[in-house]
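Residue-level listing of the chains:
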Amino acid sequence: MYRKEPSVPLRSSSSALYNNLCVLRAGERPRSCFGAVHEASLCLVTSDGSGFTHRQLPAKEGSSGLGMALLTQVRAGREGYRDPGVVGSVDMLEGLTLEEELEGAPWCLPSLHWCPGNCCRSWLTLGLLSAQAVFARGIAAAAGSFICVGTSFGSVLVFDIPPKGTNITVSEVLEQHHEAITDIAAELGQSPDGAGDVVTADDAGTLCVWRAGEEFTLLGKIPALGCSCSSVKLWNGIVAAGYGNGQIRLYEAATGVLCAEVNAHARWIYALDLAPHTGKLLSGAEDSFVHVWKLSRDPDTDEVEIQHCHAECVTDTQVCGVRFCDPEGSSFAVTGYDLSEIFRYGK
């Protein structure tokens, strides 16, 4: 059973975007950093148990002639890894320029901005690849040294992050989608033999499962359902996908076979998250509800199972972001459209 905890105040509200929340927990320390996008700025709040520190990181003017570039998504990297956080930008021609220290958290912005240590040092302009792209959305770190970023025209850009230095290069462009990318997920658990470790989703609801490496290999394609897949996660060879019709569907990553289908929400699902240590799945939607589920495999048959664990109504709120605050899934945070705080729940 989860109980409401003191909320985290924001200097501005959260935009109505898919997966509009990220949480970076600083190891064993009580400090946590929360991030949410509001139009052309990234709102960062650091909590150390005794108070909050606020940062507003604005996008700079792009080259599209539309003025300030709008942000589309934020993702926090894993502390201690060379895995940057990423923010997608509506203006792909020049993206963002950011030269600010970020409280020790690894963040980056495409463009791409790479943040070794505490400061953004370099960037790569996505517009060099295609002037047709309107925005970047869907972000995941894969195979230890790659960052995958989805684009509005359906391509997935694979950036090779070197062990040292800032020489970030585009190693590959994945072109299997025909609609805008909505989300990208990488394996959070232990991938079974033959299963992929990256899954990409698009506005039509098509999913592609990939094996990451020096060359990404397409392992399977799960056809569209007639509605958008807004959020996707990958855990222990199980693909968990949230759709615009309120359904959560579970697939085998190795075969693309549908394992379970749940009518989880009455309205459009905006966000999913997964606790890698326990297999808990978190879902949030336009219907103001947040649900906690438990994914597992039957020890005898290896069949995928899903169990409902908890429901929380965030009254009069269009939920647009949900994230577990720890790898066990014992606490989670929620953002909502036009809401100037982040709600927290814990055990």
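Residues numbered from 1 in each chain as written. Predicted model: local features only at pLDDT ≥ 70, side-chain atom pairs only at ≥ 80, totals over all residues. Heavy atoms only, no water.

Engineer: Even after reading the chapter, I still don't get the overall build of the chain, so can you show me in this structure?
Structural biologist: A count of helices and strands for the chain gives zero helices and 28 strands. When each of the 347 residues of the chain is scored for burial, the buried share is 59%. At a minimum sequence separation of 6, the contacts of the chain that also span at least 24 residues come to 50%. Accessible area of the chain: about 13900 Å², with a carbon and sulfur share of 47%. (Helix = DSSP H or I, 4+ residues; strand = E, 2+ residues; numbered from the N terminus. Buried < 20%, exposed > 50% of the residue type's maximum accessible area, 1.4 Å probe, protein only. Contact = heavy atoms within 4.5 Å. Areas by Shrake-Rupley, 256 points an atom, 1.4 Å probe, with all protein chains shown as cover.)

Engineer: Explain the pattern of salt bridges here, please?
Structural biologist: A side chain with one charge may pair with a side chain of the opposite charge, provided their charged atoms come close. This model, assessed by the stated rule, comprises six salt bridges. Glutamate 286 is the salt-bridge partner of arginine 267, the closest N and O atoms lying 3.5 Å from each other. One end of the pair, arginine 267, is in the loop between strand 21 (258–263) and strand 22 (269–275); the other, glutamate 286, is in the loop between strand 23 (280–285) and strand 24 (289–297), and 19 residues separate them in sequence. Classification of arginine 267 as partly exposed rests on a relative accessible area of 47%. The class for glutamate 286 is partly exposed, based on a relative accessible area of 22%. Aspartate 302 is paired through a salt bridge with arginine 297; the nearest N and O atoms lie 3.7 Å apart. Linked through salt bridges whose partners overlap, the residues forming this network are Glu252, Arg297 and Asp302. (Salt bridge = Lys/Arg side-chain N within 4 Å of Asp/Glu carboxyl O.)

Engineer: What should I look at first to understand the sheet that holds strand 11 (residues 146–151) in this one?
Structural biologist: Here four strands make up an open sheet; going across it, the order is 10-11-12-13 and the pairing antiparallel. Each having just a single partner strand, strand 10 (136–142) and strand 13 (169–174) make up the two edges of the open sheet. Within this sheet the neighbouring strands show an average axis-to-axis angle of 25°, counted without direction. As judged from the five bridges shared by strand 10 and strand 11, these two strands associate in the antiparallel manner. Looking across to strand 11, one finds that alanine 136 is bridged to threonine 151. (Pairing = 2+ DSSP bridges. Axes fitted to C-alpha atoms, helices over the stretch in contact; angles between N-to-C directions.)

Engineer: Just checking my understanding: could you explain the packing of aromatic side chains for this structure?
Structural biologist: Two aromatic rings are characterised by how far apart their centres lie and by the angle between their planes. Taken as a whole and assessed by the stated rule, the structure comprises four aromatic pairs. Ring centres of tyrosine 18 and tyrosine 270 lie 5.2 Å apart, and the angle between their planes is 80°; this geometry places the pair in the edge-to-face category. With tyrosine 18 in the loop between strand 1 (3–9) and strand 2 (22–25) and tyrosine 270 in strand 22, this pair connects stretches of sequence that are 252 residues apart. Of the two residues, tyrosine 18 and tyrosine 270, neither departs from the other in class, the shared state being buried. An aromatic cluster of three or more residues is present, and its members are Tyr2, Phe332 and Tyr345. (Phe/Tyr/Trp six-rings, centres within 6.5 Å; stacked < 30°, edge-to-face > 60°.)

Engineer: Even after reading the chapter, I still don't get the environment of tyrosine 345, so can you show me in this structure?
Structural biologist: Assignment of secondary structure puts tyrosine 345 in strand 28 (residues 341–346). The class for tyrosine 345 is buried, based on a relative accessible area of 3%. Counting along the chain gives 340 residues from tyrosine 345 to glutamate 5, while the straight-line C-alpha distance between them is 5.3 Å. Dropping the residues within four chain positions of it, tyrosine 345 is found in contact with Tyr2, Arg3, Lys4, Glu5, Glu312, Val314, Ser330, Ser331, Phe332 and Val334.

Engineer: Help me out: how do you make sense of the environment of glutamate 215 in this one?
Structural biologist: On the secondary structure map, glutamate 215 appears in the loop between strand 16 (207–211) and strand 17 (217–222). When its relative accessible area of 66% is taken as the criterion, glutamate 215 is described as exposed. Expressed as a C-alpha distance, the spacing of glutamate 215 and valine 173, which sit 42 residues apart in the sequence, is 10.0 Å.

Engineer: What am I meant to see in unusual backbone geometry here?
Structural biologist: Not every positive phi belongs to a glycine, and asparagine 19 is a case in point at roughly 50°. Counting through the fold element by element, asparagine 19 comes out in the loop between strand 1 and strand 2. A relative accessible area of 1% places asparagine 19 in the buried class. With a phi angle near 50°, asparagine 236 is a residue other than glycine that sits in the positive phi range. Looking at the element boundaries, asparagine 236 is found in the loop between strand 18 (229–235) and strand 19 (238–243).

Engineer: Explanation requested: the sheet that holds strand 15 (residues 198–202) in the structure shown.
Structural biologist: Within a beta sheet, neighbouring strands are joined by backbone hydrogen bonds and run either parallel or antiparallel to one another. The strand order across the open sheet built from four strands is 14-15-16-17, with neighbouring strands paired in antiparallel fashion. Lying at the two open borders of the sheet, with one neighbouring strand each, are strand 14 (181–186) and strand 17. Shown here is a sheet whose adjacent strand axes are inclined to one another by a mean of 20°, direction ignored. Examined bridge by bridge, strand 16 and strand 17 share five bridges and lie antiparallel to one another.

Engineer: Before we go on, may I ask you to explain the confidence of the model for the chain in this structure?
Structural biologist: Low-confidence regions, as indicated by low pLDDT, have predicted coordinates that should not be scrutinised in detail. Summing up the model confidence of the chain, the mean pLDDT is 81 and the portion of residues at 70 or higher is 77%. Below pLDDT 50 for its whole length, residues 62–67 participates in nine contacts with residues either more than four positions away or in separate chains. Long-range and interchain partners of residues 78–131, a stretch whose pLDDT sits below 50, account for 187 contacts in this model, where long-range means more than four residues apart. (pLDDT = per-residue confidence, 0-100.)

Engineer: Mind showing me how you'd approach the pairing of strand 16 here?
Structural biologist: In regular strands, side chains alternate between the two faces of the sheet. Here strand 16 lies mainly inside the structure; four of its five residues are buried. Counted between consecutive antiparallel strands, the loop separating strand 16 from strand 17 contains five residues.

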